[in-house]
Amino acid sequence: MRGRKRKRRVRRPARAMAGYGVANERLRVLEELEREIGASLQSAGTVILELSKEKAGERLLERQAAQFSAAVQKVESELSAQIRYLTQVATGQPHEGSSYSARKACQMALNRVDYARLKLGELARACEQMLEP
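Residues numbered from 1 in each chain as written. Predicted model: local features only at pLDDT ≥ 70, side-chain atom pairs only at ≥ 80, totals over all residues. Heavy atoms only, no water.

### A word on the overall build of the chain
Piece 1. For the chain, the helix and strand inventory stands at 3 helices and 0 strands.
Piece 2. Residue burial in the chain is summarised as follows: out of 133 residues, 11% are buried.
Piece 3. Across the chain, the fraction of contacts at a sequence separation of at least 24, relative to all contacts at a separation of at least 6, is 53%.
Piece 4. Only carbon and sulfur atoms are counted for the fraction: they give 57% of the accessible area of the chain, which is about 11,900 Å². (Helix = DSSP H or I, 4+ residues; strand = E, 2+ residues; numbered from the N terminus. Buried < 20%, exposed > 50% of the residue type's maximum accessible area, 1.4 Å probe, protein only. Contact = heavy atoms within 4.5 Å. Areas by Shrake-Rupley, 256 points an atom, 1.4 Å probe, with all protein chains shown as cover.)

As structure tokens, then:
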């Protein structure tokens, strides 16, 4: 290995990589929820199909109804967690993996600069009017 130059690995900040990890995890959870909703709809369809028969299988109905109920509870709790997270992001509370609060602060600073520029222009015009004979 002597004489060879090693390729230097570029290290990315852990925070940036963590942000992608959080976003990817959120997307994975939403995809899982989508599959869970599909499974619950399939269970509901099976229940409806079974109920349409003259002699419905009671065990199958109970099993499918239990699966539907469990799927709905899981979807509801996961969606509530997603909504809580989005609420936290939207209110600007500090959290890992988002740049929303930084973008919001930057936009507010730009708004303040525009307002200051407007007021300075008004002040300049007022001064010019006072200096005119």
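### Some points on the side chain of Ser43
Piece 1. As for its placement among the helices and strands, Ser43 is situated in helix H1 (residues 14–51).
Piece 2. A residue is classified by how much of its surface remains accessible, and Ser43, at 7% relative accessible area, is buried.
Piece 3. Looking at Ser43, its side chain comes within polar contact range of the side chain of Gln64, at 3.3 Å.
Piece 4. Sequence-distant contacts of Ser43, defined by excluding residues within four places in its chain, comprise Gln64, Gln67 and Phe68. (Polar contact = N/O pair within 3.5 Å; in protein donor to acceptor, adjacent residues only side chain to side chain.)

### Section: the packing of aromatic side chains
Piece 1. Across all of its chains, the model carries 0 aromatic pairs by this definition.
Piece 2. Between Arg26 and the ring centre of Tyr85, over which it is positioned, the NZ or CZ distance is 3.7 Å. (Phe/Tyr/Trp six-rings, centres within 6.5 Å; stacked < 30°, edge-to-face > 60°. Lys NZ or Arg CZ within 6 Å of the ring centre and 35° of its normal.)

### Some points on helix H2 (residues 58–90)
Piece 1. With 33 residues, H2 should cover 48 Å at 1.5 Å per step; its first-to-last C-alpha distance of 47 Å lies within 8% of that length.
Piece 2. Looking only at H2, the buried set comprises Leu61, Gln64, Ala71, Val75, Gln82, Tyr85 and Val89. (Expected span 1.5 Å × (residues − 1).)

### Focus: a nonpolar patch on the surface
Piece 1. A surface patch of nonpolar side chains, about 360 Å² in accessible area, is lined by Leu27, Leu30, Leu79 and Ile83.
Piece 2. Elements with a contribution of two residues or more to the nonpolar patch: H1 and H2.
Piece 3. Within the element layout of this structure, Leu27 appears in helix H1. (Patch = residues over 30% accessible without salt bridge, like charges linked within 9 Å, V, L, I, M, F, W, Y side chains within 5 Å. Salt bridge = Lys/Arg side-chain N within 4 Å of Asp/Glu carboxyl O.)

### Some words on the confidence of the model for the chain
Piece 1. On average, the chain scores 79 in pLDDT, and the residues at 70 or more come to 80%.
Piece 2. Of all secondary-structure elements in the chain, the lowest mean pLDDT belongs to H1, at 79, while helix H3 (residues 100–131) reaches the highest, 86.
Piece 3. Taken together, the stretch residues 10–17 has pLDDT below 50 and engages in 1 contact with residues farther than four places along the chain or on a different chain. (pLDDT = per-residue confidence, 0-100.)

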